[in-house]
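# Structural overview for review
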Amino acid sequence: MATTFTGVPGEPTQTGTAMLETATAAIQDFGPVNKVHQHLCAFHFYAHDMTRQVEAHHYCAHQNEEVRQCLIYDSPEADAKLIGLEYLVSERLFLTLPDDEKKLWHSHEYEVKSGVLFMPGLPGPIQRQDLDKVCKTYGKVFHFWQGRHSTSWGTTGYDGTD
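Residues numbered from 1 in each chain as written. Predicted model: local features only at pLDDT ≥ 70, side-chain atom pairs only at ≥ 80, totals over all residues. Heavy atoms only, no water.

Attention now moves to the state of the cysteines. Here a disulfide denotes one covalent bond, and it connects the sulfur atoms of two cysteines. Enumeration according to the criterion identifies one disulfide in this entry. Here Cys60 engages in a disulfide with Cys70; their sulfurs sit 2.1 Å apart. Judged by the torsion about the S-S bond (105°), the Cys60/Cys70 disulfide is right-handed. One end of the pair, Cys60, is in strand 2 (residues 49–64); the other, Cys70, is in strand 3 (residues 67–73), and 10 residues separate them in sequence. One exposure class covers both Cys60 and Cys70, and it is buried. (Disulfide = S-S within 2.5 Å. Helix = DSSP H or I, 4+ residues; strand = E, 2+ residues; numbered from the N terminus. Buried < 20%, exposed > 50% of the residue type's maximum accessible area, 1.4 Å probe, protein only.)

What follows is the structure, given as structure tokens:
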């Protein structure tokens with residue numbers, strides 16, 4: 001029987017579809033996805049309701065030393081929903097942005113120093129090496145699914161704060 005993801009509207013995945021997915025995965029190239037090398041976890045707060053939060057598992061790829069792009073899932077499990085994306089840029093690049101654009105970005109300093117942003121499963125000394133860099137970055141988040149226990153597709157757009 002094919003895998004069925006709970007909480008996602010629609011018919012269960014059929015065995016034929018699962019077999020096709022297996023075959024195409026063996027043949028096709030997944031270059032951008034294969035660049036993902038890092039798992040960060042944080043809690044994102046809703047800009048319009050700071051009492052609400054969602055667990056946000058970031059799977060990130062470095063574009064270069066100053067830019068990362070992260071796919072955000074609601075859990076680290078195989079049936080996780082893709083709930084958003086986040087761009088991370090260095091402070092140097094952030095400072096070059098127009099003032100109107102800067103309003104859409106947030107610093108990661110508090111998240112890192114408070115322990116709200118961490119790297120699951122990695123020993124502290126290894127985490128600190130990269131989190132010292134992440135602490136000096138700024139992020140722009142786009143959420144498009146309301147989280148693990150929601151069947152709402154949500155609204156697209158920037159989530160204001162992390």
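That covers the picture; the talk isn't over yet.
Here we take up the confidence of the model for the protein chain. The share of residues in the protein chain with pLDDT of 70 or more is 83%, and the mean pLDDT across the chain is 84. In the predicted structure, residues 156–162 sits below a pLDDT of 50 and forms 31 contacts with residues beyond four places in sequence or in another chain. (pLDDT = per-residue confidence, 0-100. Contact = heavy atoms within 4.5 Å.)

Bringing the nonpolar core into the picture now. By size, the foremost hydrophobic cluster in this structure holds 11 residues: Leu40, Ala42, Cys60, Cys70, Leu88, Val112, Leu117, Met119, Leu131, Val134 and Cys135. Excluding its chain neighbours within four sequence positions, the residues that come into contact with Cys70 are His58, Tyr59, Cys60, Gly84, Leu85, Glu86 and Leu88. (Core = buried A, V, L, I, M, F, W, Y, C linked by side-chain atoms within 4.5 Å.)

On to the pattern of salt bridges. Within the structure shown, the criterion is met by six salt bridges. Close ionic contact of Asp100 with Lys103 constitutes a salt bridge, the shortest N to O distance being 3.6 Å. You'll find Asp100 and Lys103 in the same group, each marked exposed. For the salt bridge of Lys113 with Glu109, the shortest nitrogen-to-oxygen distance reads 2.8 Å. Taken together, the residues span about one helical turn, with Lys113 and Glu109 both in helix 5 (residues 109–114) at a distance of four residues. (Salt bridge = Lys/Arg side-chain N within 4 Å of Asp/Glu carboxyl O.)

This part is about helix 6 (residues 124–134). Spacing of three or four residues puts side chains on the same side of an α-helix, whose turn is 3.6 residues. For helix 6, every residue scored as buried is listed here: Gln127, Asp130, Leu131 and Val134. Angular distribution of buried residues about the axis of helix 6 spans 105°; they occupy a single face of the element. Along helix 6, exposed side chains directed more than 90 degrees from the buried face belong to Pro125, Arg128 and Gln129. On its buried face, helix 6 is in contact with strand 1 (38–46), strand 3, strand 4 (82–90), helix 5 and strand 6 (137–143). (Arc of directions from axis to C-beta.)

As enumerated under the stated definition, the model contains two aromatic pairs in all. Geometrically, the ring pair formed by Tyr59 and Tyr73 is edge-to-face, given 5.8 Å between the ring centres and 75° between the ring planes. Of this pair, Tyr59 sits in strand 2 while Tyr73 sits in strand 3, placing them 14 residues apart in sequence. Residue classification places Tyr59 among the partly exposed positions, given a relative accessible area of 21%. Judged by centre distance (3.8 Å) and plane angle (0°), the rings of Phe94 and Tyr138 are stacked. Linking Phe94 in helix 3 (residues 91–95) with Tyr138 in strand 6, this pair joins segments that are 44 residues apart in sequence. The same class applies to Phe94 and to Tyr138, which are both buried. For the cation-ring pair, Lys102 lies above Phe94, with the distance from its terminal atom to the ring centre recorded as 5.8 Å. (Phe/Tyr/Trp six-rings, centres within 6.5 Å; stacked < 30°, edge-to-face > 60°. Lys NZ or Arg CZ within 6 Å of the ring centre and 35° of its normal.)

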